[in-house]
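Here's the letter readout for the chains.
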Amino acid sequence: MCGIVGYIGPRDAAGVIVDSLRRLEYRGYDSAGLAVWDAGSLNVRREEGKLAGLEKLLVDSPVSGHLGIGHTRWATHGPPSQRNAHPHSSPDGELVVVQNGIVENFQELRRELLADGYIFNSDTDTEVIAHLVHKHYHNGSGRDLVTAVRHAVEELTGPSAIAVLSRTEPERMVVVRLGNAGGVVIGQGDDEMFVASDIPALLQYTRRVRFLENRQMAVISRGGVEVTDLAGLPLELPLVEIAWDADAAEKGQFRHFMHKEIYDQPQAIAQTLSQRVDFVNNRVELPGLNLSPEAARNLRKLTIVACGTSYYSGLVGRYVIERLARLSVEVDYASEYRYRHPVIGPDEMVLAITQSGETVDTLAALEEAREQGAFTAAIVNAMGSQAARVCDGVIYMHAGPEIGVASTKAFTTSLVDLVLLGFYLGQCRGTIDAAAAAELVQGLAGLPGQVGAVLEDAHLTGRYTELAQRYGHFHNFLYLGRGVNYPTAREGALKLKEISYIHAEGYPAGEMKHGPIALIDSTMPTVVVVPQDSVYEKMISQVEQVKARSGAVLAVAHADDAFISEKADELLPIPRSHDLLSPVLAVVPLQLLAYEIAVGRGADVDQPRNLAKSVTVE
Ligand code: AGP
């Protein structure tokens, strides 16, 4: 996913821009560039590849100035190349533009602009914006940048976040947000202002931010920002203090963000629990959900919509919430839900699970639900994200910034949020008795420490590094789970395939005899999630079947389960817990296994090929 940044203030703009772009690298990109205003010129530097290439170019051909914009490009229209890298310029370099998103009608606009005599120098849709602003700047806007941009964006269709500079207006930049192309965060400094696609890019400079919303325009100068809608009506955006600090978005002593975020999980889960669980009276409160006990009692159905890892979290949520609240739960891929004309009844709640809060399919599914009158809520990590703003209620993950493309702490904290939601609904609907409440609260209290114990075992034994050495060369894996850990198996498979590029499939263990067992032989290891819960015996029979066909078995199981230790080829130990909390514990070995195998294979763990941290375009 692309990233945009901007700066105006007393510092060297190029240095701020490159530093900010570096903190957006996790989004995935294939080229980078910037433009800086200097003595009446907009000096552009662009390079294919990673930021190091742009930095080298800046050493060879430096720019200086105090106003600039920058961009990391994740190619959509036109291959990764220097000519397709942003910023893109209008004729004679009078205007420069960076964009995150897509101009869906760019072919039509390109034809019109070609007919007007414009010459295109790239294959991108973004270049259309530069020429369109130029056209309006010189025809009918009185050479006013703000007016020209306003007229230009009215012709665009598709989600976009855009920043524009003019050679003749060195004291301001214009930023526009159209639809859900990922966020636009405006940072407030002292006599300086910042713009970025995401919070981590700004944290080293300021923690005071505003979130630009859909169809809003910001005119940013050193003294501050003026926000309007696209008709020019002034708007007031709240100034938010971000609790995260810059270190939280840094790797620290870890080699990869993903590894740091796996080890962040005990603290992240403790943060998720804090201020919500009354450990004395065994109660849960979720004030941000905005769902009264009466409304909770009247609910007839809950539908969960999400993508990827968040979808697997939702699958766990079905087991948890149906058990705790006796409420019917349906889980659907957001990308399917948004197009299947879902039947949404009265007294239905539609819950999105989304780390970024900007996933285009998930936002579209929420829009569908809102249009049909459902109560909408989001379990979300990114503060101020679109999902957090459009829903009737929000349950934050409080995981802190998750930079690695492969989601880890967002998954486990979303699972905890789902337990809290199920607990709260059950509390309101009278479906949790005192003993069950006490047992679950006790389980929650011990969860951060238990996750920490799994991580400490990994660190002290080096178990997962050894497993990676023994199994990292295989080309196919099968992951099996049952009941509340069937989704855990699917999430484990996704972790492996998305960072190591090894094919892996997650399956409900009961499905083995309906097909997958045909795959089993000595070339296909099987990972099983087999805590001693109500389906343990069923899982053991699956383990036997795999072993009988010479398949290696790696078992995520209770550390003191002597039987499975004997049966399986490898033990990935977890502590005993409340069975609804076991996915939080069981997924950690699967995260570590995937991480160590990917590192062993020399993969780009934090920025796996072809993937983006947040999928904001279809
Ligand atoms: C998971 O490791 C992937 N990064 C991906 O599947 C991700 O979970 C999915 O794109 C949904 O993202 P979201 O939670 O930000 O909506």
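Above this text sits the structure in question.
Residues numbered from 1 in each chain as written. Predicted model: local features only at pLDDT ≥ 70, side-chain atom pairs only at ≥ 80, totals over all residues. Heavy atoms only, no water.

Student: What is the right way to look at the sheet that holds strand E19 (residues 328-333) in this model?
Tutor: Think of a sheet as strands paired side by side through backbone hydrogen bonds, with each pair either parallel or antiparallel. If you walk across this open sheet you meet the five strands as E19-E18-E20-E21-E22, and the pairing is parallel. Two strands in the sheet have a free side with no partner beyond their single neighbour: E19 and strand E22 (393-396). Across the sheet, the axes of successive neighbouring strands diverge by a mean angle of 20°, strand direction being ignored. Taken together, the six bridges between strand E18 (residues 301-306) and strand E20 (residues 348-354) define a ladder with parallel strand orientation. By the bridge assignment, Ile304 is partnered in E20 with Leu351. Against the sheet, helix H9 (residues 308-325) makes contact with E18, E19 and E20, and its axis sits at roughly 170° relative to E19, the strand it touches most. (Pairing = 2+ DSSP bridges. Helix = DSSP H or I, 4+ residues; strand = E, 2+ residues; numbered from the N terminus. Axes fitted to C-alpha atoms, helices over the stretch in contact; angles between N-to-C directions. Contact = heavy atoms within 4.5 Å.)

Student: Can you walk me through unusual backbone geometry in this structure?
Tutor: Leaving glycine aside, a negative phi is the common case for residues, and trans is the common case for peptide bonds. Cis rather than trans, the peptide bond between His86 and Pro87 has omega equal to 0°. Tracing the backbone shows Pro87 in the loop between strand E4 (67-73) and strand E5 (88-89). Even without glycine at this site, Asn290 takes up a positive phi of about 60°. Counting through the fold element by element, Asn290 comes out in the loop between strand E17 (283-284) and helix H8 (293-298). Judged by its relative accessible area of 54%, Asn290 is exposed. The backbone of His398 sits at a positive phi, close to 55°, despite the residue not being glycine. Here His398 lies in the loop between E22 and helix H13 (409-429). For His398, a relative accessible area of 36% corresponds to the partly exposed category. (Buried < 20%, exposed > 50% of the residue type's maximum accessible area, 1.4 Å probe, protein only.)

Student: What exactly am I supposed to notice about the environment of Ser31 here?
Tutor: Its location among the elements puts Ser31 in strand E2 (residues 31-38). In this structure Ser31 touches Glu47, Glu48, Gly49, His71, Thr72, Arg73, Ser81 and Ala85, once residues within four positions along its chain are discounted. Separated by 3.3 Å, the side chains of Ser31 and Asp30 make a polar contact. (Polar contact = N/O pair within 3.5 Å; in protein donor to acceptor, adjacent residues only side chain to side chain.)

The quantities given are spatial measurements derived from coordinates; they are silent on function.
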